[in-house]
Amino acid sequence: MAFEPVYDTAVFDTYRRLGTGQAVVEARLLPRPETRIAKVLSTSSQISIGAAEAFTGEARYSGRVNFKVLFETTEGGVEMLDYNADFSDKIEANGVGAATKTCFSASILDMDIIAAEEDVVKLAAVVEVTLYGCDRENIKYLARGGESVYTREDRVKCCNLVAEANDTFIVSDTVTDLNGCEIIATEAEAFVSRIDSFDESVAITGETVATLVLRSQSGALSSKRIYIPIDWQCRADGARAGDITTGGICVKNVSVSMSGGGEETVAELELTLKADVLVFRTDEITPSIDAFCLENELLSTVQSVEISMPKGDVTITDTVEGNVAIDEKLPLADAISGVFGSRVSISNVLSGDGRVTVEGMLGCNIVYVNTERGSNTVFAQVPFSLALNADGVEEGDFVTAVAGVKDVNVKIRRGNELSLRGDICIRLTPVKSCVSAIISEIKVGEAKQPREAAISVHIARKGETVWDAAKALGLTPEEVTRQNPDVAMPCAGGERLVAYRQMEKKAK
C-alpha cells in the first residue's frame, strides 16, 4: 500500500464576540459662578470608545461620556451644562491575544442624578461595552489521503479581513426657521442605513439627527429635530464589490454658529462624524472530515475548529408606543415644551430564521408646562418587545444590537397621563458560528483482517450516503454504487445495501 497523504493549510479570519463589560462613569457639572441651579429639567449622555490595546486574556480601552444637563436657574432662565468625562477600563476574555484586532460597541444602560444642588450636579452613567475580536487562524488539514485511502470532504465557509475604512468627515445644514429662538444646546446622533463595498472603497448612507434645544425671547423652551443625510465614500484598500461589511458611525463633535437676529436668525449646524468599517470576503475550504482504507486501519487526529464570521449588518426602523403617568406629586401638564435626552437600551436579542426579537426600553425626558407652576420634567420609560423581519439571519446566529431614537412625539391624554410614540433605529450585527471536526493528520495502522463472507448486507439509516455505506461494507464508494444501482442517495432509512465479494476457495 502506497501511503502518501496530502496536507494543506487554511488561512482565514475569525470574527466573534469575545465579551461584555460594564463600567460606571461619574461627572460633576458646575454652572457659571454667578448662576444658581433651581431645578434640573433634563439630563442626557452619549458614549464613544477611543484607543484600545489587546493583551493575552484582556483588552484595555479608553472612552468618553458626554453629559448634558438642562436646568432652570433661580432667576427663571434656562441654561445647559456640557461636560466630557474620560474613562478607561478593560474586558477580560479568554479569546483575546496580543495579535487580536479589537472592535467595540458601546451604549448607555442607565443614568442617575446622584446630587443636584445650587452649585453642582453630580451624575453617574452605567455604560456597557461589547468587545469583538478578529484573529488570523492557520489550520493544517488533510486534503487527500493518497492511494487506497478514501476521504470525505466537507465544504466549510470562512472569511478573511481584506480591508478597513477609518475616516472622519463633516456633514452640515443651515437652519432658518428658528422663529427668533436661541439655540442653547444640541444633541446629535448618527444612524447608518447601509454600508456597501466597492472596489477599493466603501459607501456609507444614513442620516444624522440633531435635536436643538431652543429658548424663545420670552424664555419658553422647545425642541426641534434636524435631519441631515449621510452619503459618504471612504477609501478601503483591498475591498471589492459584494464584500461583507460591519461597522458604524459616531458623532465626535457638534458645532453651531448663529447669525442675524430676531426673525432673521440663521444657524449653521456642523457635525463631525467618525466612521469605522471592517470589510470581509467569504471563502471556502474543503478539509477531510473522515477517512478509511480497505487494507489497513487508519489512526486519525481530529481537530475541532471554530469558525465565526459576520453576515453583514442589518438596519431596521420601527415604532415604540406607550403611555406615561405623571407622578401625583408633580403638577398636571398643560403643554409640552419638548423632548430631550432620548435613548434606547437593549436588554435582549433573540434570533430565528429571518426574524429577530429585540427587547429593551425607550427613555426620554419630557419637559412640560403647568400654567401655575411653570416648567416640570417627567422621565418617561416605555418597555418594548419588537419582532422584526431580518433577511439573512438564521436561528443559532449570535446577534447583537445597538439602537437610537430618530424621533419622539408626546401628546397629553389627560393632565396626568402622556402618550409617547418613538421611532427607533436598530442596527443588528449577526455572526454565524460553527464548529467543524477536521482531520489534521492520519497514520497507517494495523492490517485489516479480510472479510470471510461472500455477501455482506448493510441496513441503511436515514440520511446515510454512499460514503457511509462504503465504510460499513468495506467497499469503495464506486463499487457500492455499481452493486446497488437502484438505491437512491441519501437513504430514506431501511434500505438493504449488498456487497458481493469473489472469495477464493480454501484448500482442504
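Keep in mind that what you see is a predicted model, and the values were worked out from it rather than measured.

### Details of helix α1 (residues 466–473)
For an α-helix, 3.6 residues make a turn, and residues three or four places apart therefore share a direction.
Alright, step 1. Of the positions making up α1, those classed as buried are Trp467, Ala469, Ala470 and Leu473. Along the axis of α1, the buried positions cluster into a sector of 165°, meaning they face one direction only.
Alright, step 2. Here the buried face of α1 lies against β7 (149–153), β14 (288–293), β22 (455–459), α2 (477–483) and β23 (496–500).

### What to know about empty space enclosed by the protein
Alright, step 1. A full pass over the atoms with the stated rule returns one cavity of 30 Å³ or more.
Alright, step 2. Taken as a whole, the largest cavity encloses approximately 50 Å³ of empty space.
Alright, step 3. What lines the largest cavity is simply Ala10, Phe12, Ile139, Tyr141, Val156, Ile285, Val305, Ile307, Ser436 and Ile438.
Alright, step 4. Elements represented by at least two residues in the lining of the largest cavity include exactly β1 (6–29), β6 (120–144), β15 (296–310) and β21 (417–447).
Alright, step 5. For the lining of the largest cavity, the per-class residue count stands at nine nonpolar, one polar and no charged.

### Section: a nonpolar patch on the surface
Alright, step 1. A cluster of nonpolar side chains, Ile455, Val457, Ile459 and Tyr500, forms an exposed patch at the surface whose accessible area comes to about 380 Å².
Alright, step 2. Among the elements that take part in the nonpolar patch, β22 stands out by supplying three residues, more than any other.
Alright, step 3. Checked against the element boundaries, Ile455 lands in strand β22.

### Quick look at the layout of surface pockets
Alright, step 1. When its volume is computed, the second largest pocket comes out at roughly 390 Å³.
Alright, step 2. Taken together, 17 residues line the second largest pocket, and the ones lying closest to its centre are Cys293, Leu294, Lys448, Arg451 and Gly474.
Alright, step 3. Among the secondary structure elements, those contributing two or more residues to the lining of the second largest pocket are β14 and β15.
Alright, step 4. Tallied by class, the residues present in the lining of the second largest pocket amount to seven nonpolar, four polar and six charged.

### What to know about the pattern of salt bridges
Alright, step 1. Per the stated rule, a full pass over the model turns up 30 salt bridges.
Alright, step 2. The salt bridge partner of Asp177 is Lys224, with a shortest N-O separation of 3.0 Å. Placement of the pair is Asp177 in the loop between β8 (156–175) and β9 (182–198) and Lys224 in strand β11 (residues 221–235), with a sequence separation of 47 residues.
Alright, step 3. Here Lys224 falls in the partly exposed class, since its relative accessible area comes to 22%.
Alright, step 4. Its salt-bridge partner being Lys274, residue Asp276 comes within 2.7 Å of it at the nearest N-O pair.
Alright, step 5. Classification of Asp276 by relative accessible area gives partly exposed; the value is 35%.
Alright, step 6. Sharing partners across several salt bridges, the network here consists of Glu58, Arg60, Lys90 and Glu92.

### A look at the sheet that holds strand β10 (residues 201–215)
Alright, step 1. The strand order across the open sheet formed by three strands is β9-β10-β11, and the pairing between neighbours is antiparallel. One side of each edge strand has no neighbouring strand; the edge strands of this open sheet are β9 and β11. Neighbour-to-neighbour, the strand axes of this sheet turn through a mean angle of 15°, independent of strand direction.
Alright, step 2. Both β10 and β11 contribute to a ladder of 15 bridges, which runs antiparallel. Within the sheet, the bridge partner assigned to Leu214 lies in β11 and is Ser222.

### Here we look at the sheet that holds strand β17 (residues 335–352)
Alright, step 1. If you walk across this open sheet you meet the three strands as β17-β18-β19, and the pairing is antiparallel. Each edge of the open sheet carries a strand with a single partner, namely β17 and β19 (374–389). Between one strand axis and the next, the sheet turns by 15° as a mean value, whatever way the strands run.

### Details of the packing of aromatic side chains
The description of an aromatic ring pair uses the distance of the two centres, along with the angle that the planes make with each other.
Alright, step 1. Counted by the stated rule, this structure contains seven aromatic pairs.
Alright, step 2. Arranged with centres 5.5 Å apart and planes meeting at 25°, the rings of Tyr150 and Phe292 form a pair that is stacked. Taken together, the positions of Tyr150 in strand β7 and Phe292 in strand β14 put the pair 142 residues apart, joining distant regions of the chain.
Alright, step 3. By relative accessible area, Phe292 is classed as buried at 5%.
Alright, step 4. Connected via pairs of aromatic rings, a cluster forms that spans Tyr15, Tyr132 and Phe280.
Alright, step 5. A cation sits over an aromatic face here: Lys406 above Phe191, 5.7 Å from the ring centre.

Conventions used here
Residues numbered from 1 in each chain as written. Predicted model: local features only at pLDDT ≥ 70, side-chain atom pairs only at ≥ 80, totals over all residues. Heavy atoms only, no water. Buried < 20%, exposed > 50% of the residue type's maximum accessible area, 1.4 Å probe, protein only. Helix = DSSP H or I, 4+ residues; strand = E, 2+ residues; numbered from the N terminus. Arc of directions from axis to C-beta. Contact = heavy atoms within 4.5 Å. 1 Å grid on protein atoms, 1.4 Å probe; cavity = no way out; pocket = protein on both sides within 12 Å on 5 of 7 lines; lining within 4 Å. Points joined across faces, edges and corners; volume = space filled by probe spheres on them. Nonpolar A, V, L, I, M, F, W, Y, C, P; charged D, E, K, R; others polar. Patch = residues over 30% accessible without salt bridge, like charges linked within 9 Å, V, L, I, M, F, W, Y side chains within 5 Å. Areas by Shrake-Rupley, 256 points an atom, 1.4 Å probe, with all protein chains shown as cover. Salt bridge = Lys/Arg side-chain N within 4 Å of Asp/Glu carboxyl O. Pairing = 2+ DSSP bridges. Axes fitted to C-alpha atoms, helices over the stretch in contact; angles between N-to-C directions. Phe/Tyr/Trp six-rings, centres within 6.5 Å; stacked < 30°, edge-to-face > 60°. Lys NZ or Arg CZ within 6 Å of the ring centre and 35° of its normal.

Remember, this is a structural readout, not a statement about activity or role.
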